[in-house]
Amino acid sequence: MNDDLSDLFENNRLWSENIRAAQPDFFSTLSKQQAPDYLWIGCADSRVPANEIVNLLPGELFVHRNVGNVVTHTDFNCLSVIQFAIDVLKVRHIIVTGHYGCGGVAASMQDEDLGLITNWLRHIRDIYQRNREAFDALPDEKSRIDRLCELNVKEQVRNVCDTTIVQHAWKRGQKLAVHGWIYGLSDGLVHDLKVTRTGVGT
Ligand code: ZN
């Protein structure tokens with residue numbers, strides 16, 4: 001393991017230089033304002049880097065990540081991100097993106113106590129326990145984990161939509177769509193779970 005972080009500073013210097021070589025005023029323009037169209041709510045997993053996956057530049061994607069891409073009604077961190085994104089940045093899309101093979105989702109299915117995070121993962125475990133019969137019918141552990149990864153995204157999309165923040169935005173006619181996607185670690189592709197809600201008839 002490299003104890004020295006100088007590589008990161010060097011990487012950063014080269015990254016900044018490359019961008020400025022292509023567009024000299026990129027950072028000075030960006031430093032004045034951000035106007036992203038999208039809020040990404042994803043897993044903290046290091047293999048699921050939001051901007052890279054959808055090939056967006058700094059300034060184009062507002063991001064919130066936590067273990068298991070969970071949205072709960074008492075998490076003021078996540079709720080504040082959603083509120084700022086909707087009320088101030090006026091994003092047009094919120095995308096909850098889970099991923100197959102999620103360690104947080106897998107851990108939520110186990111009985112092992114992992115400490116504080118076990119409480120956090122309880123939100124996902126609740127989904128598992130509510131659908132226990134459907135999971136038992138699946139052929140193996142991997143299918144069960146991947147199914148829970150999908151159901152978790154759908155649940156979190158519902159949670160986003162149920163927040164007073166999103167409800168108020170829709171009531172005042174603000175254009176806002178909430179989507180559920182899932183990302184494949186093995187092929188780098190995102191799939192739309194087709195649970196998009198726009199506030200019309202929802
Ligand atoms: Zn994950």
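These lines cover the structure that appears in this document, whether it is placed above or below.

Topic: the pattern of salt bridges
Alright, step 1. This structure, assessed with the given rule, holds eleven salt bridges.
Alright, step 2. With its nearest N and O atoms 3.2 Å apart, the salt bridge here joins Glu-150 to Arg-147. Here Glu-150 and its partner Arg-147 are both found in helix 8 (residues 141-162), three residues apart, which amounts to about one turn of the helix.
Alright, step 3. Across the pair Arg-158 and Glu-155 runs a salt bridge whose closest N-O atoms are separated by 3.1 Å. With Arg-158 and Glu-155 both in helix 8, this residue pair falls three residues apart, about one helical turn.
Alright, step 4. Judged by its relative accessible area of 15%, Glu-155 falls in the buried class.

Some remarks on the packing of aromatic side chains
Alright, step 1. By the definition in use, this model includes four aromatic pairs.
Alright, step 2. Measuring from centroid to centroid gives 5.8 Å for Phe-62 and Phe-84, while their planes differ by 35°, and the two rings are tilted. Here Phe-62 is found in strand 2 (residues 61-66), whereas its partner Phe-84 is found in helix 4 (residues 76-88), with 22 residues between them in sequence.
Alright, step 3. Residue Phe-62 is classed as buried on the basis of its relative accessible area, which comes to 16%.
Alright, step 4. Taken together through their ring pairs, the aromatic side chains of Trp-15, Phe-26 and Phe-27 make up a single cluster.

Focus: helix 4
Alright, step 1. Taking 1.5 Å as the rise per residue, helix 4 with 13 residues should run 18 Å; its terminal C-alpha atoms sit 17 Å apart, in good agreement.
Alright, step 2. Taken together, the buried positions of helix 4 are Cys-78, Leu-79, Val-81, Ile-82, Ala-85 and Ile-86. Angularly, the buried residues of helix 4 cover 160° about the axis, an arc narrow enough to put them on a single face. Those residues of helix 4 that are exposed and angled more than 90 degrees off the buried face are Phe-76 and Asn-77.
Alright, step 3. The elements touched by buried residues of helix 4 are strand 1 (38-43), strand 2, strand 3 (93-99), helix 8 and helix 9 (164-171).
Alright, step 4. Looking at where helix 4 begins, the residue whose side-chain oxygen comes 3.0 Å from the main-chain nitrogen of Asn-77 is Asp-75.
Alright, step 5. Following helix 4 by one or two positions, Lys-90 adopts a phi angle in the positive range, close to 55°.

Here's the deal with unusual backbone geometry
Alright, step 1. Its identity is not glycine, yet Asn-55 carries a phi of approximately 50°, on the positive side.
Alright, step 2. Here Asn-55 shows up in the loop between helix 3 (50-53) and strand 2.

Brief notes about the packing of helix 4 against helix 9
Alright, step 1. As a packed pair, helix 4 and helix 9 sit with axes 9 Å apart at the nearest point and diverge in direction by 20°. Classified by the interaxial angle, the pair formed by helix 4 and helix 9 is roughly parallel. Taken as a pair, helix 4 and helix 9 cross one another with a handedness that is left-handed. On helix 9, the residues touching Leu-79, Ile-82, Gln-83 and Ile-86 of helix 4 are Ile-165, Val-166 and Ala-169.
Alright, step 2. Residues of the contact of helix 4 with helix 9, tallied by class, amount to six nonpolar, one polar and no charged.

About the cut-offs
Counting restarts for each chain, with residues numbered from 1 along the sequence as it is written. Local features in a predicted model are, by the rule used here, given only for residues with pLDDT of at least 70; side-chain atom pairs are given and counted only at 80 or more, and totals for whole chains, interfaces and linings are based on all residues. Side-chain metrics in this entry use all non-hydrogen atoms of the structure; hydrogen atoms and water are not considered. Whenever a carboxyl oxygen of Asp or Glu lies within 4 Å of a side-chain nitrogen of Lys or Arg, that contact is scored as a salt bridge. Here a strand is any run of E in DSSP of at least two residues, a helix any run of H or I of at least four, and the numbering for each starts at the N terminus. Think of it in three bands: with a 1.4 Å probe and only protein chains considered, a residue is buried below 20% of the maximum accessible area for its type, exposed above 50%, and partly exposed in between. Only Phe, Tyr and Trp rings take part, Trp by its six-membered ring, and two of them pair if their centres are within 6.5 Å. Stacked means planes under 30 degrees apart, edge-to-face means over 60, and tilted covers everything else. In this scheme, a helix's expected span is set at 1.5 Å multiplied by one less than its residue total. Along the arc lie the directions from the helix axis toward the C-beta atoms. We call two residues in contact whenever any of their non-hydrogen atoms come within 4.5 Å of each other. Nitrogen and oxygen atoms within 3.5 Å of one another constitute a polar contact, given that in protein one can donate a hydrogen and the other can accept it, and given that sequence-neighbouring residues count only through two side-chain atoms. Here the axes come from fitting lines to C-alpha atoms, over the contacting stretch only for helices, and the angles between their N-to-C directions go from 0 to 180 degrees. Angle categories: roughly parallel below 35 degrees, roughly antiparallel above 145, roughly perpendicular from 65 to 115, and oblique for all the rest. Two helices crossing with the near one rotated counterclockwise from the far one by less than a right angle form a left-handed crossing, whereas a clockwise rotation gives a right-handed crossing. Asp, Glu, Lys and Arg are counted as charged, while Ala, Val, Leu, Ile, Met, Phe, Trp, Tyr, Cys and Pro are counted as nonpolar; the rest, among them Gly, fall into the polar class.

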